[in-house]
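Observations on chain architecture
For reference, the chains in residue letters:
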Amino acid sequence: MVNRRLLRTKAFQNLYAFRTAERADYQLYHDLISESFLPNLDLMIPKEQQMPKLEGLRKLAESHYEAILNKKDLEDDYPLEAKNAAKKNILLYRDAVKRDRAKITQTMVDEVENIYHVYLKMLNLLLEITDIAVWDEQRRLVETDFRTARLAENSVLKALKNLKTLETESIRRNVNWTDDDQNLLRKLFLDGILPDTEFQSYLRSTKHTFEEDLALVMYLVKTFVLKHHSIADYFEEKDLNWGENKDVLKSMIVKTFKITSIEELALQPLAMNWEDDKLYFVDLFNNVLDNEESYEKIILDQTQNWEGDRLAMTDLLILKLGLAEMIHFSSIPVKVTINEYIELAKNYSTPKSGQFVNGLLDVLSQKLQKEGIVRKSGRGLIDNK
């Protein structure tokens, strides 16, 4: 199931995506300033004679634009045309950034919730394989010693097919394997599952216990649904975050079939309490952006004697996330926060970033607790040193 470690990772990834979009917006509207200073072809003055003045105004407008957005001191003697062009593009830039933030905030939630969509699709894959097994036997002219249609008699797969919640959720979320997917699925069955000795051994027996049926389903899940290269390629093509999401999906699928009787078969939730986790996820992302200047000041004050190139953008974002969690989420122990962002730094930043984040967050946590900025509450949170 989705856990907060995954949500921290996705918050970091989406902050990085937002920063990238923000930089692109900055450059776009910087470059568009030049459109305010194109030669006027209706004038009787040749454009070559207009260009020196227009070029000068363009450079002043770009300088004014950069000064405002980078919060530098402004000069009073800028020409009005330059100021107006800069302000116009600053408004456009800020509007674009606002839209990007809203879009990314929604998209990152949709991406996590899409994990449940893929989970349902994987369960439906088992039902598709069962239907193909029946089709395979019906098309055969010569009877073999293993009847593929016996797969449809598997008690666990029959229960899965009759699971009303799976049917309802699949319809509600429009989860299905289309006609275009059938060639892929039939190839998976004919070239992968059918020649498999474990599968053939199962088909040769006319009767199976619940344990044998369950064992086969788990074998199909682990060998083909979760690991076969054609299925992995299919989902990887549709999900840019497949590398991270597949572990969550594996956990959900395996837990679905971790049962001792047919009656226990049920869909697994996306998370134990997704509404709370979603609130945490969005709040963490927005809290970093809303308090970015204050968090950056805290970090830079502590690193003023360090080499500037050690503060890569990835490290800076991870540190801001760590500060946001320590300061804003009073129920999460400081030690948990530090350990989580150390792991994030190890996986997504430079080789030395884990050690760097560890040392800096540890120092900042002690400093901010003494200042009363970090306050923890709840059971087990009295001692957060």
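So, a few notes on the structure that sits alongside this text. Keep in mind that this is a model prediction, so the values were computed, not measured.

1. Section: the overall build of the protein chain
- The secondary structure content of the protein chain amounts to 15 helices and zero strands.
- Computed over C-alpha atoms, the radius of gyration of the protein chain comes to 29 Å, more than 25% over the 21 Å expected from 2.2 N^0.38 for 385 residues, which places it beyond the range of a compact globule.
- Of all 385 residues assigned to the protein chain, the portion counted as buried reaches 46%.
- Sequence-distant contacts, at least 24 apart, represent 78% of the contacts inside the protein chain between residues at least 6 apart.
- For the protein chain, the accessible area works out to roughly 21,400 Å², and carbon and sulfur atoms hold 51% of it.
- Treating the 54 positive side-chain charges of the protein chain as one cloud and the 63 negative ones as another, the clouds have centres 3 Å apart.

2. As for helix α8 (residues 210-225)
- Those residues of α8 that sit buried are Phe210, Asp213, Leu214, Leu216, Val217, Met218, Leu220, Val221, Phe224 and Val225.
- Where α8 is buried, its residues touch α3 (80-139), α4 (155-161), α6 (182-193), α7 (197-204), α9 (229-238) and α10 (242-256).

3. Considerations on the nonpolar core
- With 116 residues, the main nonpolar core has Val2 and Phe257 as its most contacted residues.
- No other element matches the 24 residues that α3 contributes to this core.
- Look past the residues within four positions of Val2 in its chain and what remains in contact with it is Leu7, Val112, Ile115, Val248, Leu270, Ala271, Trp274 and Asp277.

4. Quick look at the packing of α3 against α8
- Interaxial distance between α3 and α8 falls to 11 Å at its minimum, and their mutual angle equals 115°. When the axes of α3 and α8 are compared, the pair comes out roughly perpendicular. Remark: the crossing between α3 and α8 carries right-handed chirality. For the pair α3 and α8, the contacting residues are Met122, Leu125 and Leu126 in the first and Val217, Leu220, Val221 and Val225 in the second.
- Along the lines of polarity and charge, the residues of the contact of α3 with α8 split into seven nonpolar, no polar and no charged.

5. A word on the environment of Glu236
- Summarising the element assignment, Glu236 is placed in helix α9.
- Given the relative accessible area of 47%, Glu236 is considered partly exposed.
- Between the C-alpha atom of Glu236 and that of Ile338, which follows or precedes it by 102 residues, the distance is 31 Å.

6. Brief notes about the pattern of salt bridges
- According to the stated counting rule, one finds 25 salt bridges in the structure shown.
- Here Arg172 and Glu169 are joined by a salt bridge, their closest N and O atoms 3.1 Å apart. You can see Arg172 and its partner Glu169 sitting in helix α5 (residues 164-172), three residues apart, about one turn around the helix.
- The class of Arg172 is exposed, set by a relative accessible area of 57%.
- Given the relative accessible area of 16%, Glu169 is considered buried.

7. Section: the packing of aromatic side chains
- Counting across every chain of the model gives 11 aromatic pairs.
- Between Tyr26 and Tyr65 the ring centres are 5.4 Å apart and the planes differ by 50°, which places this aromatic pair in the tilted class. Of this pair, Tyr26 sits in helix α1 (residues 4-31) while Tyr65 sits in helix α2 (residues 47-69), and the two are 39 residues apart along the sequence.
- Take Tyr26: its relative accessible area is 21%, and that puts it in the partly exposed class.
- On the basis of relative accessible area, Tyr65 is assigned to the buried category, the value being 0%.

8. As for α2
- Between the first and last C-alpha of α2 there are 31 Å, a value that for 23 residues agrees with the 33 Å anticipated at 1.5 Å per step.
- Roughly 30° is the biggest bend found in α2, and it falls at Lys53.
- Within the sequence span of α2, burial applies to Gln50, Leu54, Leu57, Arg58, Ala61, Glu62, His64, Tyr65, Ala67 and Leu69.
- In this structure, the buried residues of α2 make contact with α1 and α3.
- Among the residues trailing α2, Lys71 stands out with phi positive, at a value near 55°.

9. Quick notes on unusual backbone geometry
- In this structure, Lys71 takes a positive phi of about 55° despite not being glycine.
- Along the chain, Lys71 turns up in the loop between α2 and α3.
- Overall, the relative accessible area of 62% leaves Lys71 in the exposed class.
- The backbone of Asn174 sits at a positive phi, close to 55°, despite the residue not being glycine.
- With respect to the helices, strands and loops of the structure, Asn174 is situated in the loop between α5 and α6.

Basis of the calculations
- Each chain carries its own residue numbering, running from 1 in the direction its sequence is written.
- Restriction of local features to residues with pLDDT of at least 70 applies here, the model being predicted, together with a cutoff of 80 or more for giving and counting side-chain atom pairs; totals for whole chains, interfaces and linings are based on all residues.
- Side-chain figures throughout are based on the complete set of non-hydrogen atoms in the structure, without hydrogens or water.
- Numbering goes from the N terminus for both helices and strands, where a helix is a DSSP run of H or I of at least four residues and a strand is a run of E of at least two.
- Put simply, the radius of gyration uses C-alpha atoms, and a globule should come to 2.2 Å times the residue count raised to 0.38.
- Relative accessibility under 20% of the residue-type maximum defines a buried residue, over 50% an exposed one, and the middle range a partly exposed one, all with a 1.4 Å probe and only protein chains included.
- When checking whether two residues touch, look at their non-hydrogen atoms; a contact exists if any pair is within 4.5 Å.
- Per-residue and other accessible areas were derived by the Shrake-Rupley procedure at a 1.4 Å probe size, with only the shown protein chains allowed to occlude residues.
- Neither His nor the chain termini are counted; the positive set is Lys and Arg, and the negative set is Asp and Glu.
- A single reference atom marks each charge: NZ on Lys, CZ on Arg, CG on Asp, CD on Glu.
- What we call a nonpolar core is a set of buried Ala, Val, Leu, Ile, Met, Phe, Trp, Tyr and Cys residues that are connected through their side-chain atoms within 4.5 Å.
- To obtain an axis, a line is fitted to C-alpha atoms, over the contacting stretch when the element is a helix, and the angle between two such axes runs from 0 to 180 degrees between their N-to-C directions.
- Throughout, the term roughly parallel applies to angles under 35 degrees, roughly antiparallel to angles over 145, roughly perpendicular to angles from 65 to 115, and oblique to all others.
- Take the far helix as your reference; a near helix turned counterclockwise from it by less than a right angle gives a left-handed crossing, and one turned clockwise gives a right-handed crossing.
- Amino acid classes used here: Ala, Val, Leu, Ile, Met, Phe, Trp, Tyr, Cys and Pro are nonpolar; Asp, Glu, Lys and Arg are charged; the rest, including Gly, are polar.
- The term salt bridge refers to a pairing of a side-chain nitrogen on Lys or Arg with a carboxyl oxygen on Asp or Glu at a separation within 4 Å.
- Only the six-membered ring of Trp is used, alongside the rings of Phe and Tyr, when aromatic pairs are assigned; centres must lie within 6.5 Å, and planes under 30 degrees apart are stacked while those over 60 apart are edge-to-face, with the rest tilted.
- Multiplying 1.5 Å by the residue count of a helix minus one yields the expected span of that helix.
- The bend reported for a residue corresponds to the angle between axes fitted to the seven residues ending at that residue and the seven starting there.

That is the geometry; function is a separate question.
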